[in-house]
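Here is what each chain is made of, one letter per residue.
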Amino acid sequence: MTATETPVRQLDSYVLGAWQRPPSDGDGQVVRDAATGEPIVSVAAGGVDLGAVVEYGRTVGQAALGALTFHQRALLLKRLAQHLTGVKDGLYEVSLRTGATRRDSAVDIDGGIGVLFTYGSKGRRELPNAQVLVDGPPENLSRDGSFGGQHVRLRRPGVAFQVNAFNFPVWGMLEKFAPAFLAGVPTIVKPASATAYLAEAAVRAIVEADLLPEGSLQLVSGPARGFLDFLDVRDAVGFTGSASTARVLAVDDAVIRRGVHLTAETDSLNAALLGPDAEPGSPEFTAFVASVVTEMTVKAGQKCTAIRRVIVPADRQDAVVDAVRERIAQRVVVGDPRAEGVTMGALASAAQKEEVLRSVRELVAGGGRIVVGDLAEPEVVHADGTRAPAPDGAFVAPLLLRFDDADAPAVHDVEAFGPVASVLGYRDLDDAVRLANLGGGSLVATVASADPDVVRHLVTGIAPLHGRVLVLDRDDARSSTGHGSPVPHLVHGGPGRAGGGEELGGVRAVEHYMQRTAVQGTPAALTGLTGRWRAGAPSRTDAGHPFRRSLAELRIGDAVESEPREVSLDDITHFADFTGDTFYAHTDEEEAAANPFFPGRVAHGYLLVSFAAGLFVDPAPGPVLANYGLENLRFLTPVSPGDTIRVRLTAAQITPREDEEYGEVRWDAVLTNQRDEQVATYDVLTLVAKEIAEQ
């Protein structure tokens, strides 16, 4: 800060359950408005006891989150998303200072809120209302069924320490926080200083909502040097940033010797590949060019997923360059995001601007020619609507380079983290695959083609070195979420240079914050641990029909065993005629006997399932509200005319819905014949009231 500038406030941290200001007012790194250069805040080093912050998360945060089930945590995420939606306009105002346009801010702020909504939904739909996550089916390890195994996942007993990049201070925080919170692991956020004030504003909004359990979220503003010294095997680190920093973290004793789980998302020279069928003027060509320009200009190209290499047929390079130039000229207005009509804002800081220009010069030195834009200070739109250069702002015009030598090392090694991309030509599809993979591993690639054979060749060739591949064609050009937009349903991460980490991906991300353990024991022990009944565990049939019990009364292992029912030839014939299922195994004795699977005419599997329902259903109104499906249905033994069947139905899993007056019950159904052979097995799913309604 210069002597004539007004002192700015120190950025606060939220730790140990309270907001904390660094002790040395006026001493710290001054963070400036990306468009105007005006000082915003000062980010000071020191003042935060990282050891105490970590211990607070491991104790207070762990205890508070551990008292909740997956569903309870998921509901809190939903409510937090709703709260942030109501106050997001304030975050948008703060975001303008980062150089982000309103569209950019939507990617960051609304994108982060969307992650909360998604995990709030997935947590209730795809996870049990419990604290133990069953991983896969049970394994029987003894002939008599008295001993078995089960993989389970339990939350890590430490903290999730996230180190975030400057480009997405809200989304970057929430996309890591949501799955960790859902898993039951408290989070410590360390944002990049350049945009930490927006992360702080978001955390203030979260704290003011007063929704989260104590200790589940802490914010460390300012440097956190040596943070790994306080972490061990209990903890997880999610890092987003440079590959060089990630390499330093990866060889730290905390990771190598103390077992800290490190996930890194780093540099990525993402590519967009234009298929040879995508001629100029085709929908695929148009969508491809639009995607390239979008990725160059949204967030001023400051996205880890942005397109850096534009790989096109060698004879189409001129057409692509011309089309990109024309689209930029028609659609891109660079300037202060507070000015009307601006579509591309500033880089996050003056330091980032210098880094981008340095990288561009390195690309030029490595064989690239600037064919769109130049390195001069661009004329930009100011907040008052005037047009002039803004040397105090962090502006760089969109830059497209062309490499005549597609194998030039620089284009596959140097990432200019701004509105910069490079065009290079390929000879054939194998050459396109080779060039894309020279990036050494990337987060995402786009393949623009409507030819299935081209798509298959390119995708199978590049997929092993890419975390995500978008296939762009005329049918999804409008509905596609886009090359550079990670969605919480799909994994975000990439191999090799991209860091080798994996985030998001629905419930997969939750599992990253949990330890998978193989547990061996009796069916009773495994049932008690997992909350899922398994064959051989205790069950009871002497307490009346379980369909007469509400969720409050029903217990795992409650069962009903039916009387036997004979299956006659008339039953089979009637079912065939009534349903139209006249498959020969049910209607033609001679042909059925010739089938290696059947002894002759046999009953329809669905007839048996229907008979089973008639055997176990209690017909009177009661707490069972609806049958909403069958899962895992298997037909094991044919049933011939004259055979008898019976069914045993056992309450295998009980899942109350936190925000409803009912829950889900999974019943284990086993059909057997008169020889006690299993005829069919499946799960019956019902919705059951929590309490029996008063009459």
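Whatever comes next refers back to the structure up there.
Please read these numbers as outputs of a predicted model, since none were measured by experiment.

**Q** Could you clarify how one ought to interpret the layout of surface pockets in this entry?
**A** Any space left empty among the atoms is revealed by the rolling of a water-sized probe across them. Quantified by volume, the second largest pocket comes out at close to 960 Å³. What lines the second largest pocket is a set of 31 residues, among which W533, R534, A535, D668 and D683 lie closest to the centre. Of all the secondary-structure elements, those providing two or more residues to the lining of the second largest pocket are α14 (523–530), β27 (624–635), β28 (644–656), β29 (662–673) and β30 (678–689). Top contributing element to the lining of the second largest pocket by residue count: β28, with six residues.

**Q** Just checking my understanding: could you explain a negative patch on the surface for this structure?
**A** Taken together, E553, E660, E661 and E691 make up a surface patch of like negative charges. Mapped onto the elements, E660 comes out in the loop between β28 and β29.

**Q** Can you walk me through helix α6 (residues 243–250) in this structure?
**A** Given 3.6 residues per helical turn, the α-helix brings residues three or four places apart onto the same face. Considered for burial, the residues of α6 that qualify are A243, A246 and L249. The arc that holds the buried residues of α6, viewed along the axis, is 115°, so those residues lie on one side. Every exposed residue of α6 that faces more than 90 degrees away from the buried side is listed here: R247 and V248.

**Q** Looking at this structure, I do not really get the pattern of salt bridges. What am I missing?
**A** Any two side chains of opposite charge can pair if their charged atoms end up close together. Going through the model one piece at a time under the given rule, you end up with 46 salt bridges. Between R316 and D315 there is a salt bridge, with the nearest N and O atoms lying 4.0 Å from each other. For R316, a relative accessible area of 7% puts it in the buried group. Given the relative accessible area of 66%, D315 is considered exposed. For E355, the salt bridge goes to R358, with nearest N and O atoms at 2.6 Å.

**Q** Can you walk me through the sheet that holds strand β18 (residues 399–403) in this structure?
**A** Two pairing modes exist for strands in a sheet, parallel and antiparallel, and in both the strands are linked by backbone hydrogen bonds. Taken in spatial order, the seven strands of this open sheet run β15-β18-β19-β14-β13-β20-β21, and their pairing is mixed. In the strand order of this sheet, the two ends are held by β15 (368–372) and β21 (466–472), each with one partner. In this sheet, adjacent strand axes meet at a mean angle of 25° when their direction is disregarded. Lying over the sheet, helix α12 (residues 452–462) contacts β13 (270–274), β20 (442–448) and β21, oriented at roughly 165° with respect to β21.

**Q** Got a minute to help me understand the nonpolar core in this structure?
**A** It is characteristic of soluble globular proteins that their nonpolar side chains tend to be buried jointly. By size, the foremost hydrophobic cluster in this structure holds 67 residues, and its most contacted members are F288, V310, V324 and L400. In terms of residue count, helix α8 (residues 283–297) provides more of this core than any other element does, seven residues in total. The residues contacting L400, other than those within four sequence positions of it, are M296, V321, V324, R369, I370, V371, V372, A421, S422 and V423.

**Q** Honestly, the pairing of β21 in this entry has me stumped. Any pointers?
**A** When a strand is regular, its side chains alternate between the sheet's two faces. Here six bridges tie β20 to β21, and the two strands are oriented parallel to one another. Residue pairing in the sheet places A448 in a bridge with L472 of β21. With α12 bridging β20 and the parallel β21, this β-α-β connection has right-handed handedness.

**Q** Sorry if this is basic, but what is going on with the side chain of H586 here?
**A** Topologically, H586 is positioned in helix α16 (residues 584–587). H586 sits in the buried class, given a relative accessible area of 9%. Polar side-chain contacts of H586 include one of 2.9 Å to the backbone oxygen of V602.

**Q** Got a minute to help me understand unusual backbone geometry in this structure?
**A** Peptide bonds are, in most cases, trans, and in most cases residues other than glycine have a negative phi. Backbone geometry at L16 places phi at a positive 55°, although glycine is not the residue there. Here L16 lies in the loop between β1 (13–15) and β2 (18–20). One non-glycine residue, N632, lies in the positive phi region at around 60°. Its place among the elements puts N632 in strand β27.

**Q** How do you make sense of the packing of aromatic side chains when you look at a structure like this?
**A** For any pair of aromatic rings, geometry is given as the distance between the ring centres together with the angle between the planes. All chains considered together, the criterion is met by nine aromatic pairs. Ring pairing ties together the aromatic residues F547, F616 and W667, which thus form one cluster. The ring centre of F70 lies 5.4 Å from the NZ or CZ of R73, which sits over that ring.

**Q** What is the right way to read helix α4 (residues 171–183) from this model?
**A** For α4, spanning 13 residues, the distance from its first C-alpha to its last is 19 Å, which sits close to the expected 18 Å at 1.5 Å a residue. With 13 of 13 residues buried, α4 lies mostly within the body of the structure. Once α4 ends, the next one or two residues include G184, with phi positive near 100°.

**Q** Teacher, can you tell me more about the environment of L685 here?
**A** Inspection of the secondary structure puts L685 in strand β30. Spatially, the C-alpha atom of L685 lies 40 Å from that of D473, the residues being 212 residues apart in sequence. What L685 contacts, discounting residues up to four positions off in sequence, is A626, N627, Y628, G629, E631, V665 and R666.

**Q** I tried to follow the environment of G158 on my own but got confused; where do I start?
**A** Summarising the element assignment, G158 is placed in the loop between β7 (148–155) and β8 (160–163). The spacing of G158 and E326 is 168 residues in sequence and 53 Å in space, taken between C-alpha atoms. Discounting residues that sit within four places of it in the chain, G158 has contacts with R58, Q62, V185, P186, R234 and D235.

**Q** Just to check I follow, could you spell out the packing of helix α2 (residues 70–95) against helix α5 (residues 196–209) for this structure?
**A** Each pair of packed helices can be summarised by the angle the axes make with each other and by the distance between the axes. Interaxial distance between α2 and α5 falls to 10 Å at its minimum, and their mutual angle equals 150°. By the criterion of interaxial angle, the relationship of α2 to α5 is roughly antiparallel. Between α2 and α5 lies a crossing whose hand is right-handed. Along its contact with α2, which presents L80, H83, L84, V87, L91, V94 and S95, the element α5 presents Y197, L198, A201, A202, A205, I206 and A209. Partitioned by chemical class, the residues of the contact of α2 with α5 number twelve nonpolar, two polar and no charged.

Cut-off values and rules
Residues numbered from 1 in each chain as written. Predicted model: local features only at pLDDT ≥ 70, side-chain atom pairs only at ≥ 80, totals over all residues. Heavy atoms only, no water. 1 Å grid on protein atoms, 1.4 Å probe; cavity = no way out; pocket = protein on both sides within 12 Å on 5 of 7 lines; lining within 4 Å. Points joined across faces, edges and corners; volume = space filled by probe spheres on them. Helix = DSSP H or I, 4+ residues; strand = E, 2+ residues; numbered from the N terminus. Patch = residues over 30% accessible without salt bridge, like charges linked within 9 Å, V, L, I, M, F, W, Y side chains within 5 Å. Areas by Shrake-Rupley, 256 points an atom, 1.4 Å probe, with all protein chains shown as cover. Salt bridge = Lys/Arg side-chain N within 4 Å of Asp/Glu carboxyl O. Lys, Arg positive; Asp, Glu negative; His and termini not counted. Charge placed at Lys NZ, Arg CZ, Asp CG, Glu CD. Buried < 20%, exposed > 50% of the residue type's maximum accessible area, 1.4 Å probe, protein only. Arc of directions from axis to C-beta. Pairing = 2+ DSSP bridges. Axes fitted to C-alpha atoms, helices over the stretch in contact; angles between N-to-C directions. Contact = heavy atoms within 4.5 Å. Core = buried A, V, L, I, M, F, W, Y, C linked by side-chain atoms within 4.5 Å. Right-handed = clockwise from strand over helix to strand, strands pointing away. Polar contact = N/O pair within 3.5 Å; in protein donor to acceptor, adjacent residues only side chain to side chain. Phe/Tyr/Trp six-rings, centres within 6.5 Å; stacked < 30°, edge-to-face > 60°. Lys NZ or Arg CZ within 6 Å of the ring centre and 35° of its normal. Expected span 1.5 Å × (residues − 1). Parallel < 35°, antiparallel > 145°, perpendicular 65-115°, else oblique. Left-handed = near helix turned anticlockwise from the far one by under 90°. Nonpolar A, V, L, I, M, F, W, Y, C, P; charged D, E, K, R; others polar.

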